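Below are the chains, spelled out letter by letter.
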Amino acid sequence: MLVEDPLSLDRIRSVLTRLEDTIIFSLIERAQFAHNPRIYQRGVFQELKDLGFDGSWLEWFLKETETFHAKARRYTSPDEYPFTADLPKPVLPPLSFPKILYPNKVNVNPSILSFYTRAIVPRITRRATLALATLKRANGIIGDDEFEDDGNYGSAANIDVEVVQSISKRVHYGKFVSESKFVDNPAAFIPHIQNRNRPALEALITKPEVEKKLLLRLQKKAATYAQDIALDTDTTIKGDGKVNGTGKIDVDGVVDLYESYIIPLTKEVEVEYLLHRLDGLSEEDIEKLRIDFAMPPKELNRHQLSSKLSYSQNTPAFLQKLKNRIAGVPDEEDEYDEEWENDGSGRPPIPRRPAIPQRPDDDPGSADESEGDEKPQVVVLREGKHLTAFQAENIRRKEKGLAPLADPAAASKTEAAPDASASKDESRASTKAESTGLSFSSSSKGKSKASNNKRKAVGDLEDLIDARKAANAPTKKKAKKEKKTLLSFGDDA
Ligand SMILES: C=C(O[C@@H]1C=C(C(=O)O)C=C[C@H]1O)C(=O)O
């Protein structure tokens, strides 16, 4: 299924929400039958042993079902994980899914099968099992046989396969959640991955408010779906799912399934996936990931609000390209890419080393000729500690062996007073900004653009220059002549 942004956390969460319905309805189906404990015990069916299979009835059902589905290439899909090992190859060529997840071998299906058969089935089927025991006693069957089973081995196992497969999809979707959170802020995760710090990674991926909302929604859903809708009686829903005195399922049992098993296991999958997210990457690759730095928080801090500045988050194209490449999201253009190359290691493509450009003798050049469409976002938060746009410009010029520019601050001391057309606030903001070390746009239109006052964020200039060089290697088209303005905060940044 082609989706707009496969790593949108909202879209991923909507898939998890939809899977709640699938799981609840299949549990309601399973609750119709008694526990049938024999179908979960290994080696109790001689018929299976005669076939050379020594697993449980349910494991046999899984093997037979998944063998057929594997031939139909079900398990080439990145969101499908089999319970059975050594499945046959698909009879059809695999579909080419976009490479969204980082290669990994995380599969927690053995844990899912264990908690489902030992804790979930007995609870979900309790009502049917008790009713069966009552019926058996009335017919003189007493003792262990009362609770044995209703003989519906095929029906019960068939539904069990559906339940465990939908729980498996839900739990392993944690990988997409993890990838989404990782690419959104790699720098937050990298040190904990390198230190194998599970608790820190779990704390980073845990969203208590999301979990709380989910459990409340689940309770309502189970109570609603569980009720027997009788057209001739009142169908007000009670919290326990019992309407007209009955309910098709143990609502608390469904909530407990998520709270005690599905959510914790999903988070284990998220952490396990993250622990392998840097496997095979060189220090340089990891550094490039780190450059894909978390942008300043979207919500404005007190100072920005008081300075009437706003931050518009627009990931520069070269960073987005770097982000996509590292996340393995293929580019639109399939043909040869001048900027990126596969080094054959199976890792995401890396920036192609640009040919060394030859400067024409008559061209004095300028520091920002390789700036391409986007420039670093520069904030001077602390005078004297951080570089101003002017200082940054001269560092770039020095890199290119060009003479430094004259300091506009020195020149402006001899200039006329600020532009009279700028409002008092704006000229104060501009003066204040310079006095607090904020540097404003150094656009060719100069101070008269006070209304265009902007704030610049300075990250680590060296890294940004390196990253930009790597991502903005000379391309066929001539870089647009940009006004000499470093990207900055502002409505039209
Ligand atoms: C799945 C997510 O990650 C974690 C696991 C959750 C779950 O299994 O329901 C919910 C929130 C997070 O604690 C998420 O953030 O949506």
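Residues numbered from 1 in each chain as written. Predicted model: local features only at pLDDT ≥ 70, side-chain atom pairs only at ≥ 80, totals over all residues. Heavy atoms only, no water.

Caption draft 1: Spatial organisation of the overall build of the protein. Scanning the protein for helices and strands turns up 18 helices and 2 strands. Expressed as a percentage of its 493 residues, the buried residues of the protein come to 41%. By sequence separation, contacts in the protein at least 24 residues apart represent 68% of the contacts at least 6 residues apart. Roughly 27100 Å² of accessible area belongs to the protein as shown, and the carbon and sulfur atoms make up 55% of that amount. (Helix = DSSP H or I, 4+ residues; strand = E, 2+ residues; numbered from the N terminus. Buried < 20%, exposed > 50% of the residue type's maximum accessible area, 1.4 Å probe, protein only. Contact = heavy atoms within 4.5 Å. Areas by Shrake-Rupley, 256 points an atom, 1.4 Å probe, with all protein chains shown as cover.)

Caption draft 2: How the structure looks around helix H10 (residues 208-226). Look at H10: 27 Å from first C-alpha to last across 19 residues, which is about the 27 Å you get at 1.5 Å a residue. Here the buried face of H10 lies against helix H1 (9-30), helix H6 (153-172) and helix H11 (251-275). (Expected span 1.5 Å × (residues − 1).)

Caption draft 3: How the structure looks around the environment of Glu268. One can find Glu268 in helix H11. You can call Glu268 partly exposed: its relative accessible area is 49%. Spatially, the C-alpha atom of Glu268 lies 9.9 Å from that of Lys175, the residues being 93 residues apart in sequence.

Caption draft 4: The nonpolar core, seen in detail. Ranked by internal contacts, the top residues of the largest apolar core, which has 50 residues, are Leu27, Ile112, Phe115, Tyr116 and Ile167. Counting residues per element, the ones that place at least two in this core are H1, helix H3 (57-71), helix H4 (109-124), H6, H10 and H11. When sequence neighbours within four positions are dropped, the list of residues in contact with Ile167 reads Ile23, Ile112, Phe115, Tyr116, Leu257 and Ile262. Residues Ile12, Tyr102, Ile190 and Ile286 belong to the second largest nonpolar core, which totals 27 residues. (Core = buried A, V, L, I, M, F, W, Y, C linked by side-chain atoms within 4.5 Å.)

Caption draft 5: Expanded view of the site of the ligand. Arg13, Arg170, Lys181, Glu211 and Glu270 are the nearest of the 15 residues found near the ligand. Separating an oxygen atom of the ligand from a side-chain N or O atom of Arg170 is a distance of 2.7 Å. Take Lys207: an N or O atom from its main chain is 2.8 Å from an oxygen atom of the ligand. Within the complex, the protein chains bury 99% of what would otherwise be the 360 Å² of accessible surface of the ligand. For the shell around the ligand, the element with the most residues is H11, which contributes 4 residues. Split into classes, the residues belonging to the shell around the ligand amount to 6 nonpolar, 2 polar and 7 charged. (Near = heavy atom within 4 Å. Polar contact = N/O pair within 3.5 Å; in protein donor to acceptor, adjacent residues only side chain to side chain. Nonpolar A, V, L, I, M, F, W, Y, C, P; charged D, E, K, R; others polar.)

Caption draft 6: View of the packing of aromatic side chains. Scanning all chains against the criterion turns up 10 aromatic pairs. Their ring planes at 25 degrees and their centres at 4.8 Å tell us that Phe115 and Tyr261 sit as a pair that is stacked. Of this pair, Phe115 sits in helix H4 while Tyr261 sits in helix H11, and the two are 146 residues apart along the sequence. Judged by its relative accessible area of 9%, Phe115 is buried. Judged by its relative accessible area of 25%, Tyr261 is partly exposed. Taken together through their ring pairs, the aromatic side chains of Phe45, Trp57, Trp60, Phe61 and Tyr153 make up a single cluster. Taking the ring centre of Phe45 as reference, the NZ or CZ of Arg38 above it sits at 4.7 Å. (Phe/Tyr/Trp six-rings, centres within 6.5 Å; stacked < 30°, edge-to-face > 60°. Lys NZ or Arg CZ within 6 Å of the ring centre and 35° of its normal.)

Caption draft 7: Highlighting the packing of H6 against helix H7 (residues 174-184). At a minimum axis separation of 4 Å, H6 and H7 run at an interaxial angle of 10 degrees. In terms of orientation, H6 and H7 fall into the roughly parallel class. Seen from H6, the contacting residues are Arg170, Val171 and His172; seen from H7, they are Gly174, Lys175 and Phe176. (Axes fitted to C-alpha atoms, helices over the stretch in contact; angles between N-to-C directions. Parallel < 35°, antiparallel > 145°, perpendicular 65-115°, else oblique.)

Caption draft 8: Representation of unusual backbone geometry in the model. With a phi close to 50 degrees, Asn36 is a non-glycine residue in the positive phi region. Its location among the elements puts Asn36 in the loop between H1 and helix H2 (46-50). When its relative accessible area of 0% is taken as the criterion, Asn36 is described as buried. Unusually for a residue other than glycine, Asp86 sits at a positive phi of about 55 degrees.

Caption draft 9: Representation of the pattern of salt bridges in the model. All told, the structure shown has 17 salt bridges when counted by the stated rule. The salt bridge involving Arg123 is made with Asp256; its shortest N-O contact spans 3.4 Å. With Arg123 in helix H4 and Asp256 in helix H11, this residue pair connects regions lying 133 residues apart in the sequence. According to the relative accessible area criterion, Arg123 is partly exposed, its value standing at 33%. The partner of Lys267 in a salt bridge is Glu211, and the shortest N-O contact between them spans 2.8 Å. In this pair, Lys267 sits in helix H11 while Glu211 sits in helix H10, placing the two residues 56 residues apart along the sequence. Its relative accessible area of 12% is what places Lys267 among the buried residues. Residue classification places Glu211 among the partly exposed positions, given a relative accessible area of 21%. Salt bridges sharing common partners tie together Glu20, Asp21, Arg217 and Lys221. (Salt bridge = Lys/Arg side-chain N within 4 Å of Asp/Glu carboxyl O.)

Caption draft 10: Quick look at H11. Taking 1.5 Å of rise per residue, the 25 residues of H11 would be expected to cover 36 Å, and the 35 Å separating its terminal C-alpha atoms lies within 8% of that figure. Helix geometry: H11 is bent most strongly at Tyr258, by close to 35 degrees. Capping of H11 at its N-terminal end is provided by Asp250; its side-chain oxygen lies 3.1 Å from the backbone amide nitrogen of Asp252. (Bend = angle between axes of the 7 residues up to and from the residue.)

Caption draft 11: Up close: the environment of Thr17. Inspection of the secondary structure assignment puts Thr17 in helix H1. On a C-alpha basis, the gap between Thr17 and Leu218 in space is 9.1 Å, while along the polypeptide they are 201 residues apart. Leave out the neighbours within four places in its chain, and Thr17 touches Arg217 and Lys221. Engagement of the side chain of Thr17 in a polar contact is seen with the backbone oxygen of Arg13, the distance being 2.9 Å.

Caption draft 12: A look at the side chain of Glu270. Secondary-structure assignment places Glu270 in helix H11. Those residues in contact with Glu270, other than ones at most four positions away along the chain, are Gly174, Val177, Ser178, Lys181 and Ile205.

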